[in-house]
Amino acid sequence: MSSFPSCRTRTAPPKTLVQFLGLRQGAPIDGTVSHIAIVDDEEPVRKALKRLLLASGFQVETYAGGKEFLAASADVPLDCLILDLHMPGMTGLQVMQAMKAAHRPLPTVIITAHDTPEMSEQCRAAGVAAYLRKPLEERVLLNSISSSLARAAARSSPAPRR
């Protein structure tokens with residue numbers, strides 16, 4: 001009989017600092033959870049992104065198109081928007097413009113499978129937080145969301161007194 005513990009009882013070491021500290025990616029230390037909306041006309045993309053973001057600790061809402069999102073999200077408190085650029089009915093840029101017109105600007109991560117330099121420039125001029133090409137890299141998407149949320153929080157916090 002061996003005095004060594006069974007390999008089956010060991011747990012894998014944490015792979016990231018977030019795991020090591022026992023924190024969840026979307027849950028800041030103050031206990032609030034960031035609420036993310038995903039708007040994409042492709043159901044497999046919505047499902048995959050939702051799984052990733054839920055596993056990272058975010059609250060997630062999904063919408064199949066811009067019109068559905070605008071109609072259903074008016075009373076939903078959101079912190080960030082992941083928005084497909086090319087969708088039937090309304091483009092991602094049109095959704096952003098409608099959000100701004102309704103005085104509901106959100107940090108927005110644009111995702112697209114049809115990248116062009118002109119479209120990238122239009123999105124950046126419209127104020128997107130990040131412009132990512134499909135297929136998405138998980139780490140890049142999560143970092144883009146975290147950066148967008150941090151910038152939005154910094155803008156909304158009061159300036160320090162001198």
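This report concerns the structure included in the present document. Computed from a predicted structure; not experimentally measured. (Residues numbered from 1 in each chain as written. Predicted model: local features only at pLDDT ≥ 70, side-chain atom pairs only at ≥ 80, totals over all residues. Heavy atoms only, no water.)

Bringing the packing of helix H4 (residues 92-101) against helix H5 (residues 117-126) into the picture now. Closest axis-to-axis distance for the H4/H5 pair is 11 Å, and the angle between their directions is 10°. Taken together, the axes of H4 and H5 are roughly parallel relative to one another. Touching Leu93, Met96 and Lys100 of H4 are Met119, Gln122, Cys123 and Ala126, all from H5. Taken together, the residues of the contact of H4 with H5 sort by class into five nonpolar, one polar and one charged. (Axes fitted to C-alpha atoms, helices over the stretch in contact; angles between N-to-C directions. Helix = DSSP H or I, 4+ residues; strand = E, 2+ residues; numbered from the N terminus. Parallel < 35°, antiparallel > 145°, perpendicular 65-115°, else oblique. Contact = heavy atoms within 4.5 Å. Nonpolar A, V, L, I, M, F, W, Y, C, P; charged D, E, K, R; others polar.)

Moving on, we come to the sheet that holds strand S5 (residues 130-133). If you walk across this open sheet you meet the five strands as S2-S1-S3-S4-S5, and the pairing is parallel. The sheet terminates laterally at strand S2 (59-63) and S5, the two strands that pair on one side only. This sheet shows a mean twist of 20° between the axes of neighbouring strands, independent of strand direction. Helix H2 (residues 43-55) rests against strand S1 (35-39), S2, strand S3 (80-84) and strand S4 (108-112) of the sheet, and its axis sits at about 170° to S2. (Pairing = 2+ DSSP bridges.)

A side chain of one charge can pair with a side chain of the opposite charge if their charged atoms are brought near each other. Applying the stated criterion to the full structure yields five salt bridges. Where Asp40 meets Lys134, a salt bridge forms, and the shortest distance between an N and an O atom there is 2.9 Å. In this pair, Asp40 is assigned in the loop between S1 and H2 and Lys134 in the loop between S5 and helix H6 (138-156), connecting sequence segments 94 residues apart. Each member of the pair, Asp40 as well as Lys134, is classed as buried. Across the salt bridge formed by Asp84 and Lys134, the nearest N and O atoms sit 3.5 Å from each other. Here Asp84, found in strand S3, pairs with Lys134, found in the loop between S5 and H6; they are 50 residues apart in sequence, far enough to count as distant. (Salt bridge = Lys/Arg side-chain N within 4 Å of Asp/Glu carboxyl O. Buried < 20%, exposed > 50% of the residue type's maximum accessible area, 1.4 Å probe, protein only.)

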